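Residue-level structure breakdown
Okay, here's what each chain looks like letter by letter:
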Amino acid sequence: MSLNDYFRSMATIYGDFEVTLDSKGRFMIPAGLKKQYSESEGNCFIANRGFEKCVTIYTEKEWEKVVSKISKLNEFNMKARKFKRMFLNGATRIEADAAGRLLVPKGLMAYADISIETKDIILVGQMDKVEIWPAANYGKKMEDDFEEYDTLGEELLGGEFTNPITES
């Protein structure tokens, strides 16, 4: 495997893409998003419920990694069973059509408050997956979340102060 192939095989999906649903609930995969998938990923994806009322789309390869983690949960633990049931509920294999469109499953659209009438959605790259949000909901979510941005950064990535100039 060449170095380029190695880096392409890593999940590095990023960016926000505004798209419009057609009358059947399909959207075109933006060129900027297509370029971020390696050729080996193909046109098949797994759509699933996101944790925060959005739809999450994984490549089949990334979905296998998620399922591998979930399969290791203890079946004798009630919380593990409940989480597994809730997480996998609605997971659907979807495939891009010849025109490069993906159909958002109706059940997942309802879960995420996405409607054909609203039409405008945002695709948000999250390194190993893409979240699909109704445009209005995503704007509000980001506005609310940014109130905690600095605190989250400190809690999750912070620690002792290090001075990069004096560090060796």
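Residues numbered from 1 in each chain as written. Predicted model: local features only at pLDDT ≥ 70, side-chain atom pairs only at ≥ 80, totals over all residues. Heavy atoms only, no water.

1. Examining the overall build of the protein
- Scanning the protein from terminus to terminus reveals 7 helices and 8 strands.
- The 168 residues of the protein split such that 32% are buried.
- Nonlocal contacts in the protein, meaning residues at least 24 apart in sequence, comprise 64% of its contacts between residues at least 6 apart.
- Accessible surface computed for the protein: about 11,500 Å², of which carbon and sulfur atoms make up 55%. (Helix = DSSP H or I, 4+ residues; strand = E, 2+ residues; numbered from the N terminus. Buried < 20%, exposed > 50% of the residue type's maximum accessible area, 1.4 Å probe, protein only. Contact = heavy atoms within 4.5 Å. Areas by Shrake-Rupley, 256 points an atom, 1.4 Å probe, with all protein chains shown as cover.)

2. Considering the pattern of salt bridges
- The final tally for this structure, using the stated rule, is 9 salt bridges.
- Residue Glu75 pairs with Lys84 through a salt bridge whose shortest N-O separation is 2.7 Å.
- We classify Glu75 as partly exposed; its relative accessible area is 42%.
- When its relative accessible area of 27% is taken as the criterion, Lys84 is described as partly exposed.
- Lys129 is paired through a salt bridge with Asp128; the nearest N and O atoms lie 3.1 Å apart.
- Its relative accessible area of 24% is what places Asp128 among the partly exposed residues.
- Here the residues in one salt-bridge network are Glu52, Lys141 and Asp145, joined through shared partners. (Salt bridge = Lys/Arg side-chain N within 4 Å of Asp/Glu carboxyl O.)

3. Description of the confidence of the model for the protein
- The predicted model of the protein has a mean per-residue pLDDT of 87, with 86% of residues at 70 or higher.
- Looking at the elements of the protein, mean pLDDT is at its lowest for helix α1 (residues 3-9), recorded as 43, and at its highest for strand β8 (residues 130-134), recorded as 97.
- Confidence drops under a pLDDT of 50 for residues 1-10, and excluding neighbours within four residues, the segment shows 3 contacts in the predicted structure. (pLDDT = per-residue confidence, 0-100.)

4. Structural notes on helix α4 (residues 78-88)
- If you check the start of α4, you find a side-chain oxygen 2.8 Å away from the backbone N of Lys79, and it comes from Asn77.
- Phi for Gly90, located one or two positions after α4, is positive at around 90 degrees. (Polar contact = N/O pair within 3.5 Å; in protein donor to acceptor, adjacent residues only side chain to side chain.)

5. Details of a positive patch on the surface
- Together, Lys79, Arg81, Lys82 and Arg85 give the surface a local cluster of positive charge.
- Along the chain, Lys79 turns up in helix α4. (Patch = residues over 30% accessible without salt bridge, like charges linked within 9 Å, V, L, I, M, F, W, Y side chains within 5 Å. Lys, Arg positive; Asp, Glu negative; His and termini not counted. Charge placed at Lys NZ, Arg CZ, Asp CG, Glu CD.)

6. Considerations on a nonpolar patch on the surface
- Side chains of Phe51, Leu73 and Phe83 sit close together on the surface and give an oily, nonpolar patch of about 300 Å² of accessible area.
- Along the chain, Phe83 falls in helix α4.
- Looking at Phe83, the relative accessible area reads 33%, which means it is partly exposed.

7. A closer look at the sheet that holds strand β1 (residues 16-20)
- Strands sit in the order β1-β7-β8-β4-β3-β5 across an open sheet of 6 strands; the sheet is antiparallel. The outermost strands of the open sheet, each flanked by one partner alone, are β1 and β5 (92-95). Strand after strand, the sheet turns through a mean of 30 degrees between neighbouring axes, direction not considered.
- Note that strand β3 (residues 44-49) and strand β4 (residues 55-59) share 5 bridges and pair antiparallel. From the neighbouring strand, Ile46 faces β4, where its bridge partner is Tyr58.
- Contacts from helix α3 (residues 60-71) reach β3, β4 and β5, with the element oriented near 105 degrees to β4. (Pairing = 2+ DSSP bridges. Axes fitted to C-alpha atoms, helices over the stretch in contact; angles between N-to-C directions.)

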